[in-house]
Structures are given as structure tokens and as C-alpha cells.
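The lines below spell out each chain.
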Amino acid sequence: MKPIRNTRIDFARGIAILIMLLANSAPYVLINEPIPFLIRFLFSTAAPLFIFLSGYSLNLSFQHNKPKSTIIQRALQVLFVAVFIDVFIWNIIPFETFDVLYLIGFSQLILIALHTSKSIVKFGVMFLILILFGFCLLCLNYTFQIIEHDFSIYNLTHFSIQSALQRLFFDGWFPLVPWFCISLLGYLACSFNNDIKKFNHFFTLGFILLLVSYFLFILFPEWINNPRDKYLEIFYPITPFYGLLLLGLFSLLIGFINSTFEVKSIFVELGKLSLFVYLMHVIVINFIITKFTFVMINEYYTFLLIGIVFIFSIILLTKLISKMHPYFLQYKITKPILFLLGL
């Protein structure tokens, strides 16, 4: 029998993609206005939700006996879309900087390699990465001043492998140290899902940890990282208070995934097509929002208007793709296009 799909996972992923849509649009609209910390706090939840769920979903694929080749293909598909975005949308050299799709793709390939190892080995890997992260923060200089190069002959011939590896492992947007731990944590949460179901206080724990994290940031504002390249998320790099936020967020998520809520909404469809939605939102940002110069009474109203139109358009497009998807699958000629779109 085909396993029953947990729509709560899709729902959470759908919420995350909408938050990410707004967070990635903000740098091009909210330029001069002061940003309330609550907005930055909210924007900082989208990426870890995606990364955690990528590990959780990967483990589910193994539990549902999906062919390993299919699972590997999905990880490569994520990397392919990441490269496509860099080359054809941002017009920059790929594998020089690494956004969340690169992290998810590489993390899934590592998790596939670790799948047959014992749980103690996976926990050991997580512990070692966290120790390495602490060492890097104390002894190395985390940098975020990323220069993204276009496809000139000079840039191609002076591509720095050392710089690229540094950003892949520690610097920049989403380095494997420590972000791979979040994907691995999602994978392990799925492995111990039956044990987790015995505990019914994850919702309460999650809310408490999120509130504690929020108020600690308010009490100790020096722990709040400044926006980097106009992006408002507070995890460049991850700080101890943000680690507490993550624990609260994941506790809340685990409680929700293992609840009995019946979820039927457009957010489920957005979650199912999250890779496609991610690709579409980057296209809209680069070719429309970055060219948008109209400002209403202030930037907040402009951002609200753009966000409403953006979300409404993405929802309509998602509903259309959901209805057309079964027809696309009937024609082999569309398979490369579906692969590109992340479908």
C-alpha cells in the first residue's frame, strides 16, 4: 500500500516558504525604515524549518522504502535548481556562495551516506560538528562580506577553490558547520518518532523556549546580529540565544507533526511544491521586485502591498500547477522541465 502522506509536514513547509518569500523580499523594499525585532525574529524561522524538514522527509523516504536512486535523484535535483538559480537568474558563478538549497542538497547526500550507520555514529557526528562550530567561532573570523562574481573571463580564471570551500564549510550564507546539524536533527527526530509520540508536551515546551529566546534577545540586544547585506535574519552566524530559538521551534514542529490535526489548506499545496515555489519567488524578486521603485506612504505599506500581491500570485500559480501536474506526467517530453521546476 502507498503510505499515507503526513499533510502536517507539507503544511509546515508551506508556512515556511511564505515566511521565506517575505524575508527574501524585504531587503529590496525595507531599505530605510527601522525594522522591529519581532519581524526579524519571525523571518529567522523559515530557513531552519526547511532544513529540519528536509532531514525529516529524507528519513521518511527511506522508511517508506523509496528506491535509493530516487532519493539521490531528489537531492541532486535540489542542487541542480540551486545552480540554475545562480547561473540563469542571479548571473553569478555557482559553487562560490551557498544558499539554503545548496545546504539542503549537500546535507541530503551526506545523510544518504550516513543512513546505514548506527544512531550513536550520527549523534557523534552532530556532537563533533557543534564542537567544531564553537572552535570556529572562537578561533576563526566568521565573515559575511560575500562578493559574488559574474561570468567574466577574469572571474572564471580566478575562481578560488579555497574561498568556496571556506564558505561551504563555515562562512557566508548557510555553511555545513553548523547548519548540517539541523538537517541531521530532523533526520534523527524521524528515526525516534515512535518514542517522541509518548511525550505530549512538545507544544508547551516549544512555546516556552520560543518566548524565553525572544525575551533574552530583548534583554541582551548585543546578541542580535546586525542585518547582513540587508537581509534581516539574525543567524549570520548562529548565536546561543538563537540556538534556544531553534530548540523551541523544533519542539513546536515535532508536536505539530505528531498531532492529530486534520490539515487541508492551500499551505499544504505550497508545501508539496516548495522547491517550485522557491524557484518562482527568486524569479519574481530578481526580475520584478528589484525593479520596483514605487513607494506608498512609507516602505512598510509598500512592503505589505507587495507581499499581499506576491503571496496571492504564488498561491494562484501553485493551484494551477497542482491541477496540471497529473497531465504533465503523462508526457515524457515534459520530464526535464518538471525536473528543473522541482516537481
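One can find the structure itself at the top, above this paragraph.
This is a predicted model, so every value here is computed, not measured.

Participant: For this particular structure, what's the right way to read the overall build of the protein?
Facilitator: Helices and strands together make up the secondary structure of the protein, namely 16 helices and zero strands. Relative to its full complement of 343 residues, the protein shows a buried share of 49%. For the protein, restricting intrachain contacts to residue pairs at least 6 apart in sequence, the fraction spanning at least 24 positions comes to 83%. Total accessible area on the protein stands at roughly 17,800 Å², and carbon and sulfur atoms take up 70% of it.

Participant: I keep staring at the packing of aromatic side chains and nothing clicks. Help me out?
Facilitator: By convention here, two paired aromatic rings are described through the distance between centres and the angle between planes. Tallying each qualifying case throughout the model produces 26 aromatic pairs. For the pair Phe41 and Tyr214, a centre-to-centre distance of 5.2 Å together with 85° between the ring planes defines the contact as edge-to-face. Pair noted here: Phe41 is in helix H2 (residues 37-43) and Tyr214 is in helix H11 (residues 202-219), with a separation of 173 residues, a long-range link. The two residues Phe41 and Tyr214 agree in class, both being buried. Taken together, the ring pairs in this structure connect Phe37, Phe41, Tyr214, Phe215, Phe217, Phe220, Trp223 and Phe241 into an aromatic cluster.

Participant: Any chance you could explain the side chain of Ser183 here in plain terms?
Facilitator: Within the element layout of this structure, Ser183 appears in helix H9 (residues 176-191). For Ser183, a relative accessible area of 0% translates into the label buried. Apart from residues lying up to four places away in sequence, Ser183 is in contact with Ile51, Ser54, Gly55, Ser107 and Leu111.

Participant: Just to check I follow, could you spell out the packing of helix H4 (residues 68-89) against helix H14 (residues 274-287) for this structure?
Facilitator: A packed helix pair is summarised by two numbers, namely the angle formed by the two axes and the spacing between the axes. Remark: H4 packs on H14, axes separated minimally by 11 Å, with the N-to-C direction vectors making an angle of 5°. With respect to H14, the axis of H4 lies roughly parallel. Packed against H4, whose contacting residues are Arg74, Gln77, Val78, Val81, Phe84, Ile85, Phe88 and Ile89, the element H14 presents Leu275, Tyr278, Leu279, Val282, Ile283, Asn286 and Phe287 at the interface. When its residues are assigned to classes, the contact of H4 with H14 shows twelve nonpolar, two polar and one charged.

Participant: How should the side chain of Arg13 be read in this particular structure?
Facilitator: Among the secondary structure elements, Arg13 is positioned in helix H1 (residues 7-25). At 2.7 Å, the side chain of Arg13 forms a polar contact with the side chain of Ser57. Beyond its immediate stretch of four places on either side in the chain, Arg13 contacts Phe50, Leu53, Ser57, Gly271 and Ser274.

Participant: Would you mind going over the nonpolar core with me for this structure?
Facilitator: Judged by nonpolar contacts, the single largest core of 102 residues is most densely connected at Phe174, Trp179 and Tyr242. When residues no more than four places from it in sequence are discounted, the contact partners of Trp179 are Pro48, Ile51, Leu103, Trp173, Phe174, Phe235, Ile238 and Tyr242.

Participant: Just checking my understanding: could you explain the packing of H1 against helix H12 (residues 240-257) for this structure?
Facilitator: Their axes nearest at 9 Å, the elements H1 and H12 cross at an angle of 145°. For the pair H1 and H12, the contacting residues are Arg8, Ile9, Phe11 and Ala12 in the first and Leu253, Phe256 and Ile257 in the second.

Participant: What should I look at first to understand the pattern of salt bridges in this one?
Facilitator: Pairing between side chains of opposite charge can happen when the charged atoms of each approach one another. For the coordinates displayed, the defined rule picks out two salt bridges. Between Arg13 and Asp10 there is a salt bridge, with the nearest N and O atoms lying 3.2 Å from each other. Of the two residues, Arg13 and Asp10 are both situated in helix H1; the distance of three residues between them amounts to about one turn of the helix. For Arg13, a relative accessible area of 11% gives the class buried. What makes Asp10 buried here is its relative accessible area of 2%.

Participant: How should helix H8 (residues 161-169) be read in this particular structure?
Facilitator: The periodicity of an α-helix, 3.6 residues per turn, causes residues three or four positions apart to be oriented the same way. Within the sequence span of H8, burial applies to Ala164, Arg167 and Leu168. Taken down its axis, H8 places every buried residue within 105° of arc, on the same side. Lining the buried residues of H8 we find helix H5 (100-114) and H9.

Participant: Just checking my understanding: could you explain unusual backbone geometry for this structure?
Facilitator: Leave glycine aside and you will find that most residues have negative phi; peptide bonds, for their part, are mostly trans. The step from Val177 to Pro178 runs through a cis peptide bond, and the omega angle for that step is 15°. By secondary structure assignment, the location of Pro178 is in helix H9. A cis geometry characterises the amide bond from Tyr236 onward to Pro237, with omega recorded as 0°. Looking at the element boundaries, Pro237 is found in the loop between H11 and H12. In this model, Asn91 sits at a positive phi of 60°, which is unusual for a non-glycine residue. Relative to the elements of secondary structure, Asn91 occurs in the loop between H4 and H5. Despite not being glycine, Lys230 shows a phi value in the positive range, around 75°.

Participant: Could you clarify how one ought to interpret a nonpolar patch on the surface in this entry?
Facilitator: A surface patch of nonpolar side chains, about 340 Å² in accessible area, is lined by Phe127, Leu128 and Ile131. You can see Ile131 is positioned in helix H6 (residues 119-139). Owing to a relative accessible area of 49%, Ile131 belongs among the partly exposed residues under this scheme.

Participant: Is there a simple way to explain H1 in this structure?
Facilitator: With 19 residues, H1 extends 27 Å between its outermost C-alpha atoms, agreeing within 8% with the 27 Å of an ideal straight helix rising 1.5 Å per residue. Most of H1 is tucked away, with 15 of its 19 residues classed as buried. Its side-chain oxygen placed 2.9 Å from the backbone nitrogen of Arg8, Asn6 serves as the N-cap of H1.

Procedures and definitions
Residues numbered from 1 in each chain as written. Predicted model: local features only at pLDDT ≥ 70, side-chain atom pairs only at ≥ 80, totals over all residues. Heavy atoms only, no water. Helix = DSSP H or I, 4+ residues; strand = E, 2+ residues; numbered from the N terminus. Buried < 20%, exposed > 50% of the residue type's maximum accessible area, 1.4 Å probe, protein only. Contact = heavy atoms within 4.5 Å. Areas by Shrake-Rupley, 256 points an atom, 1.4 Å probe, with all protein chains shown as cover. Phe/Tyr/Trp six-rings, centres within 6.5 Å; stacked < 30°, edge-to-face > 60°. Axes fitted to C-alpha atoms, helices over the stretch in contact; angles between N-to-C directions. Parallel < 35°, antiparallel > 145°, perpendicular 65-115°, else oblique. Nonpolar A, V, L, I, M, F, W, Y, C, P; charged D, E, K, R; others polar. Polar contact = N/O pair within 3.5 Å; in protein donor to acceptor, adjacent residues only side chain to side chain. Core = buried A, V, L, I, M, F, W, Y, C linked by side-chain atoms within 4.5 Å. Salt bridge = Lys/Arg side-chain N within 4 Å of Asp/Glu carboxyl O. Arc of directions from axis to C-beta. Patch = residues over 30% accessible without salt bridge, like charges linked within 9 Å, V, L, I, M, F, W, Y side chains within 5 Å. Expected span 1.5 Å × (residues − 1).

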